[in-house]
Amino acid sequence: LLMDQLTGMDQLEKRLATKFNIERCLIVSGNSDEQPKVVGDFGELVNDALHRRLQEGTNIIAVMGGTTMAEIAKHVTPMETPKRHNLFVPARGGIGESVSIQANSVSALMAANAKGDHRVLYVPEQLSQEAYHTLLKEPSIKNVLATIKEANCVIHSIGRALHMAVRRKMTEDEIVTLRQDRAVAESFGYFFDASGKIVYKAPPIGLSFEDVEKIPTVIAVAGGKSKAKAILAYMKHAPEQTWLITDEAAANEILKGA
Ligand code: G3H
């Protein structure tokens, strides 16, 4: 029976990876909408993937924020070796999450658990154009941004568009526009419609989508039946080297129509 179950999950993983045209898909049993433990299981898988994929020398790991990422950070274990050093950085700044789930906090916690280092990006959201341009000229900020651009690994989640817009306190006008444009997914501060087209971009502080396409290790983590549409939309745009870590509930919902 156990073998049958393993094979079943294995097949589901292969079907999903093929559908999305990505390198790998890993599926945890359950539904993270209802079972918080499933997000902990995502964390274990991310930790395993990092231990396996990080290279000798210095790794720069760029991480996004959100509740999924904040939970994953708790499951990271020491990954320094005499030959390997790991530096965690926020992938993007200025997209307005509350402090505990900001990319800066996730990166700091991952670094502490991995016994590695981290850098903080001090760029607040909702800046005027002038303030933003001045800030980007500051040597300390320029330095961190240059480090972020050198990332060889990125870990991010995928959110539902309107939910994210409200959580990040975007303006009424912006939310109306997102509705008109039929945004369904959000990741990296980009909003996508069901066809995978980018319909809105947060200010370009940190990694752009073009940068992500060139990063060798890309780990996307999102699950729960409620996120199926968002995952499907984002995955139309995901770089081929992406590993998707999700749960059975999302996977079944996504493949239902396939
Ligand atoms: O960009 C996606 C969001 O950060 C996902 O947030 O993990 O809280 O659903 P969440």
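What counts, and where the lines are drawn
- Here, residues in each chain are numbered from 1, in the same order as that chain's written sequence.
- Residue-level local features of this predicted model are given only where pLDDT is at least 70; pairs of side-chain atoms are given and counted only at 80 or more, and the full residue set underlies all totals for whole chains, interfaces and linings.
- Side-chain measures were taken over the full set of non-hydrogen atoms in the model, leaving aside hydrogen atoms and water.
- In this description a helix means any DSSP run of H or I spanning at least four residues, a strand means any run of E spanning at least two, and both kinds are numbered starting from the N terminus.
- For the radius of gyration, the atom set is restricted to C-alpha positions; the globular benchmark scales as 2.2 Å times the number of residues to the power 0.38.
- Partly exposed describes any residue whose relative accessible area lies between the buried limit of under 20% and the exposed limit of over 50%, with all areas from a 1.4 Å probe on protein chains only and scaled to the type maximum.
- In what follows, residue pairs with any heavy atoms lying within 4.5 Å of each other are defined as contacts.
- Each accessible area value is a Shrake-Rupley result obtained with a 1.4 Å probe; residue values ignore everything except the protein chains displayed when judging cover.
- Strands are labelled as partners when DSSP assigns at least two bridges between them.
- Orientation is described by axes fitted as lines to C-alpha atoms, over the contacting stretch for helices, and by angles from 0 to 180 degrees between their N-to-C directions.
- Only a single heavy atom is needed: when it lies within 4 Å of a molecule or strand, its residue is near that molecule or strand.
- Side-chain atoms alone can form a polar contact between residues adjacent in sequence; in general such a contact is a pair of N or O atoms within 3.5 Å, and within protein one must be able to donate a hydrogen while the other accepts it.
- Under the convention adopted here, Pro, Cys and the residues Ala, Val, Leu, Ile, Met, Phe, Trp and Tyr are nonpolar, Asp, Glu, Lys and Arg are charged, and Gly plus all remaining residues are polar.
- If an angle is under 35 degrees, it is roughly parallel; if it is over 145, roughly antiparallel; if it lies from 65 to 115, roughly perpendicular; otherwise it is oblique.
- A crossing counts as left-handed when the near helix is turned anticlockwise from the far one by less than a right angle, and as right-handed when that turn is clockwise.
- Only buried residues count toward a nonpolar core, which is a set of Ala, Val, Leu, Ile, Met, Phe, Trp, Tyr and Cys residues joined through side-chain atoms within 4.5 Å.
- A score from 0 to 100, pLDDT tells how confident the predictor is in each residue.

Enquirer: Describe the overall build of the chain, with residues and values.
Expert: Counting secondary structure elements, the chain contains 11 helices and 11 strands. Expected size for 258 residues packed as a compact globule is a radius of gyration near 18 Å; at 18 Å, the chain falls within 12% of this value. If you line up the chain on its principal axes, its C-alpha atoms span 60 × 55 × 30 Å. Within the chain, the proportion of its 258 residues that are buried is 52%. Of the contacts made within the chain by residues no fewer than 6 positions apart, 75% connect residues no fewer than 24 positions apart. Carbon and sulfur atoms make up 53% of the accessible area of the chain, which totals about 12500 Å².

Enquirer: Lay out the sheet that holds strand β4 (residues 117-118) with the relevant residues and their values.
Expert: With parallel pairing, seven strands are arranged side by side in an open sheet as β1-β11-β10-β5-β2-β3-β4. What marks the edges here is a single partner per strand, and that holds for β1 (24-28) and β4. Pairing analysis gives three bridges linking strand β2 (residues 57-63) to strand β5 (residues 153-157), with the strands arranged parallel. Pairing of A62 across the sheet is with V154, part of β5. The sheet contacts of helix α2 (residues 37-53) involve β1, β3 (84-90), β5, β10 (217-221) and β11 (242-247), and relative to β11 the element is tilted by about 155°. Across the face of the sheet, helix α10 (residues 228-235) comes into contact with β5, β10 and β11 while running at roughly 170° to β11.

Enquirer: Account for the environment of G116, with residues named and values stated.
Expert: Relative to the elements of secondary structure, G116 occurs in the loop between α4 (103-114) and β4. Note: C-alpha distance between G116 and M79 (37 residues apart in sequence) is 7.5 Å. In contact with G116, other than residues within four places in its own chain, are E80, N86 and A111.

Enquirer: Describe in detail the site of the ligand, supporting the description with residues and values.
Expert: Around the ligand, a shell composed of 14 residues is seen, among which T67, T68, R167, E186 and K227 lie nearest. Measuring from an oxygen atom of the ligand, one finds a side-chain N or O atom of R167 at 2.8 Å. Here E186 contributes a side-chain N or O atom positioned 2.4 Å from an oxygen atom of the ligand. Mapped by element, the contributors of at least two residues to the shell around the ligand are α3 (67-73), α7 (161-167) and β7 (183-187). Classifying every residue of the shell around the ligand by side-chain character gives two nonpolar, seven polar and five charged.

Enquirer: Just give me the short version of the packing of α10 against helix α11 (residues 248-256), but keep the residues and values in it.
Expert: At their nearest, the axes of α10 and α11 sit 9 Å apart, and the two run at 70° to each other. By the angle between their directions, the pair α10 and α11 is classed as roughly perpendicular. Of the two possible hands of crossing, α10 and α11 adopt the one that is right-handed. Where α10 approaches α11, its residues A228, I231 and L232 are matched on the opposing element by A250, E253 and I254. Within the contact of α10 with α11, the residues separate by chemical class into five nonpolar, no polar and one charged.

Enquirer: Please set out the nonpolar core residue by residue, giving values where relevant.
Expert: Counting 50 residues, the largest nonpolar core has L16, V154, I158, I231, Y234, M235 and L244 as its most contacted members. With six residues, the top contributor of residues to this core is α10. In this structure Y234 touches H156, I158, A185, S187, F188, F192, F209 and P239, once residues within four positions along its chain are discounted. Counting 29 residues, the second-largest nonpolar core is a separate cluster that includes V28, F42, M69 and C153.

Enquirer: Break down the confidence of the model for the chain for me, citing the residues and quoting the values.
Expert: Confidence in the prediction for the chain averages 94 pLDDT; 97% of positions are at 70 or higher. Across the predicted assembly, pTM comes out at 0.95 and ipTM at 0.98.

Enquirer: Go over the sheet that holds β7, please, and point to the residues and values.
Expert: By way of backbone hydrogen bonds, the strands of a sheet pair with one another, either parallel or antiparallel. The antiparallel open sheet is built from four strands, whose spatial order is β6-β7-β8-β9. The two strands at the open ends of the sheet, each matched to only one other strand, are β6 (159-160) and β9 (198-201). Here β6 runs beside β7; their pairing, made up of two bridges, is antiparallel. Bridging from a neighbouring strand, G159 pairs with E186 of β7. Where α10 meets the sheet, it contacts β6, β7 and β8 (190-193), and its direction lies at approximately 70° from that of β7.

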